Amino acid sequence: MKTRDPERGEPDLDELLRVLADDDARVHAPAEVGPAVMAMWDAPRAPTRPTTARWVSRVWLGRAAAVAAAAVLAVAWIVARGNIGAGGAAVSHTTLPISAATTGLMVGPPLESESLQIVRVRMPRGALRAFGIALLDPEATAEVEVDVVVGEDGFPRSIRRVQPVSAGHQ
Amino acid sequence: MYGGGLDPEVSDAELLQRANAGERDAFGAIYGRYQHIVYRFARAMTGSADVAADVAQEVFVTFMRDLGRYDAARGALPTYLYGIARNISRHRLRRERRFLSMESIDAASSNGRPDDPANGLATAQTIARLRVALGMLPTRYREVIVLSELHELPGPVVAEIVGISASAVRSRLHRGRRMLKVRIQRLETAAMRPAAHPTMRCSV
């Protein structure tokens, strides 16, 4: 195999690339990919919305997330101010300060043609810290329910509707 | 084999029309026709066979969900699929950069089945080194080299996939080839150097 330019003593890039292209040409997707794709075809598909509607809904989703983030900040600020006692000393919390507030935390941007799914999960309250949500009382151990917006690749895109698990749902 | 008993000569336009009407075999035929280019592209871009398999699956699932979105007037079907594969590959690269292994360095990943074992080993090592060098290039140069040199697509088609002008493709190709050459030479030099004091370097 010729891999060097005999005159210049340098690798003959065209030749190297040709060898790589030949090697590459024999590659096919692994056998399991095809059945997985066709299984998605066979699965009942949700009705697709027009592209414009999707973008409009995303714009509104973004606006709603911004409003929700502002609401969370406002609630946190009000709660923090309420913690200051008459003597100026901070009052410690023993209950979950997060109410039915909604927060929009973008974990990753959605792809251009991506369909999103919402998955409601229940998690220990402390796990919220991993998503960057500030906790006023890190010691509390209650559970919370959150709606996680999941992309097609399985990674979370945002988190919303953080709320404590009510006693009736325990 | 995908596509059932469909005539392999059926055009992309007809397959799309039939897939849009819900014909499973028509979509299967499209998959069978283009899975290899999508997978090869993703493999060259990500440097990982596992990630490439994921990307290939994601490309066709994305395409399946928005079949009606493809507009034949704006480009050929493979160009459209390359575009989706490019977006998803870049997305995965951004997200999983720290997890990607340099599995391409493994000479066993070569597909060659040479008759002469010694020659075959040299070829496999050369290919492995070239894949590593390719993986070291910035994405914008790598994608142009992969599309132009490995997939042998004409400049205007590469320009359409990447979303830049044909002259920008030429410029990136020229610069990318130069960078690739330097990296190959560095790898060859490193391979010939005796590893008396192996060092490990990591960034945190």
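Residues numbered from 1 in each chain as written. Chains lettered and ligands numbered in written order. Predicted model: local features only at pLDDT ≥ 70, side-chain atom pairs only at ≥ 80, totals over all residues. Heavy atoms only, no water.

Caption draft 1: Summary view of the overall build of chain B. Check the secondary structure of chain B and you find eight helices and zero strands. Ordered by position in the sequence, the α and β elements of chain B form the string α-α-α-α-α-α-α-α. Per-residue burial for chain B yields a buried fraction of 48% across its 204 residues. Taking as baseline every contact in chain B between residues at least 6 positions apart, the subset at least 24 positions apart corresponds to 64%. When the accessible surface of chain B is summed, it comes to about 10700 Å², and 51% of that surface belongs to carbon and sulfur atoms. (Helix = DSSP H or I, 4+ residues; strand = E, 2+ residues; numbered from the N terminus. Buried < 20%, exposed > 50% of the residue type's maximum accessible area, 1.4 Å probe, protein only. Contact = heavy atoms within 4.5 Å. Areas by Shrake-Rupley, 256 points an atom, 1.4 Å probe, with all protein chains shown as cover.)

Caption draft 2: Focus on the pattern of salt bridges. The tally for this structure, following the rule as stated, stands at 18 salt bridges over all chains. A salt bridge links Asp24 of chain A to Arg43 of chain B; the shortest N-O distance between them is 3.7 Å. Taken as a pair, Asp24 of chain A in helix H1 (residues 13-25) and Arg43 of chain B in helix H2 (residues 24-46) lie in two separate chains rather than in one. Neither Asp24 of chain A nor Arg43 of chain B differs from the other in exposure class; each is buried. Overlapping salt bridges bring together Asp23, Asp24 and Arg26 of chain A together with Arg40, Arg43 and Arg131 of chain B as one network. (Salt bridge = Lys/Arg side-chain N within 4 Å of Asp/Glu carboxyl O.)

Caption draft 3: Summary view of the packing of H2 of chain B against helix H6 (residues 139-150) of chain B. Residues and elements named next belong to chain B. Relative orientation of the contacting elements H2 and H6 amounts to 145 degrees, with a least axis distance of 10 Å. Note that H2 runs across H6; the crossing there is right-handed. Taking contact as the criterion, the partners of Arg40, Phe41, Ala44 and Met45 in H2 are, on H6, Thr139, Arg142, Glu143, Val146, Leu147 and Leu150. Here the contact of H2 with H6 is built from residues that sort into six nonpolar, one polar and three charged. (Axes fitted to C-alpha atoms, helices over the stretch in contact; angles between N-to-C directions. Left-handed = near helix turned anticlockwise from the far one by under 90°. Nonpolar A, V, L, I, M, F, W, Y, C, P; charged D, E, K, R; others polar.)

That is the geometry; function is a separate question.
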